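Observations on the three-dimensional arrangement
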Amino acid sequence: MTRFEQVFGQGKPVIAMVHLGAMPGTPLHDGAGGVEAILAGAEADLAALQAAGVDAVMFGNENDRPYELKVDAASTATMAYVIGRLRDRIAVPFGVNVLWDPMATMALAAATGAAFVREIFTGTYASDMGLWAPDAGAARRYGSRLGAGNVATLYNVSAEFAGSLDPRPLPDRARSAVFSSIPDAVLVSGAITGEAARMEDLEAVKRVLPTTPVLANTGVKHATVADVLRIADGCIVGSALKHGGDTWAAVDAERAKDFMDRVRAVRGGR
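Here is a short report on the structure shown in this document. (Residues numbered from 1 in each chain as written. Predicted model: local features only at pLDDT ≥ 70, side-chain atom pairs only at ≥ 80, totals over all residues. Heavy atoms only, no water.)

Per the counting criterion, the structure on display carries 1 cavity of 30 Å³ or more. Each pocket or cavity is described by its volume, and for the largest cavity that value is around 160 Å³. Along its surface, the largest cavity is lined by 17 residues, and Thr193, Gly194, Asn217, Thr218 and Gly238 are the ones closest to its centre. Residue assignment for the lining of the largest cavity shows that the elements contributing at least two residues are strand S1 (14-19) and strand S11 (235-237). For the lining of the largest cavity, the per-class residue count stands at 5 nonpolar, 8 polar and 4 charged. (1 Å grid on protein atoms, 1.4 Å probe; cavity = no way out; pocket = protein on both sides within 12 Å on 5 of 7 lines; lining within 4 Å. Points joined across faces, edges and corners; volume = space filled by probe spheres on them. Helix = DSSP H or I, 4+ residues; strand = E, 2+ residues; numbered from the N terminus. Nonpolar A, V, L, I, M, F, W, Y, C, P; charged D, E, K, R; others polar.)

Below, the structure is given as structure tokens:
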């Protein structure tokens, strides 16, 4: 059994986002509400997602705009505090993603006992944050030193908010990343959060990676999830489960339940 299967089982998992409120020190942080407001929002979203029957959840600092390539220690520490406070309420596998810092993501996984991580580990990009050149070797070795070497790694190979400086086609970059960097799954994204990956990109990457899980990372919606899961080995979803489909809103319990009802229909009731 692969590490991906050990975490998610052998179906096509739906990983739902718990978008934490903006961290202390970031421009959108709610100073009046403080960390307890972040915790309260995360607790409510987690409860709604688990009630809907999602297969896993992932905690991310999506609200920490403008994003950084090396995050402030306060963000990682606050995320660890919030996840720690919620640990006894988490009933499904959980993962973490500290945008856009692989080292911080691995540190947070080690601190919280996360089962998986998502990040941009490979590639070179021209991005909204400047030149983006992560070091997968350093991040994976760092995780091993921290005792997180067995955490499942989900590699986003088509970065949002960025364009690849690598002239190779996306399928070639994905295939190369699997060979050189041994991720447990590959993620295909749209241009920004909430925008869908192109179906032809999903198909092309899956075609060259028949034995590696390939997931849709952004923009999966109620109307498209059936088509996505016929190609992809799972998906990560955030915006579609929010009130009005708004990335920055709270999770809508009814939208989340409707989404998972559609997923179960595709998966034969599972």
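This next bit is on helix H5 (residues 136-145). Among the residues of H5, those classed as buried are Ala136, Ala139, Arg140 and Gly143. Taken end-on, H5 shows its buried residues confined to a sector of 95°, consistent with a single buried face. Of the exposed residues in H5, the ones pointing more than 90 degrees away from its buried face are Arg141 and Arg145. Of the residues that open H5, the one with a side-chain oxygen 3.2 Å from the backbone nitrogen of glycine 137 is aspartate 135. Looking one or two residues beyond H5, the residue adopting positive phi is glycine 147, at roughly 90°. (Buried < 20%, exposed > 50% of the residue type's maximum accessible area, 1.4 Å probe, protein only. Arc of directions from axis to C-beta. Polar contact = N/O pair within 3.5 Å; in protein donor to acceptor, adjacent residues only side chain to side chain.)

With that settled, the discussion passes to the environment of alanine 223. Among the structural elements, alanine 223 can be located in the loop between strand S10 (214-216) and helix H8 (225-231). Residue class for alanine 223 comes out exposed when judged on its relative accessible area of 66%. Through-space distance from the C-alpha of alanine 223 to that of alanine 240 is 10.0 Å; in sequence the pair is 17 residues apart.

Across all of its chains, the model carries 9 aromatic pairs by this definition. Within the aromatic cluster, the residues linked to one another by ring pairs are Tyr67, Trp100, Tyr125, Trp132 and Phe161. One cation-aromatic arrangement involves arginine 65 over tryptophan 248; the distance from NZ or CZ to the ring centre is 3.7 Å. (Phe/Tyr/Trp six-rings, centres within 6.5 Å; stacked < 30°, edge-to-face > 60°. Lys NZ or Arg CZ within 6 Å of the ring centre and 35° of its normal.)

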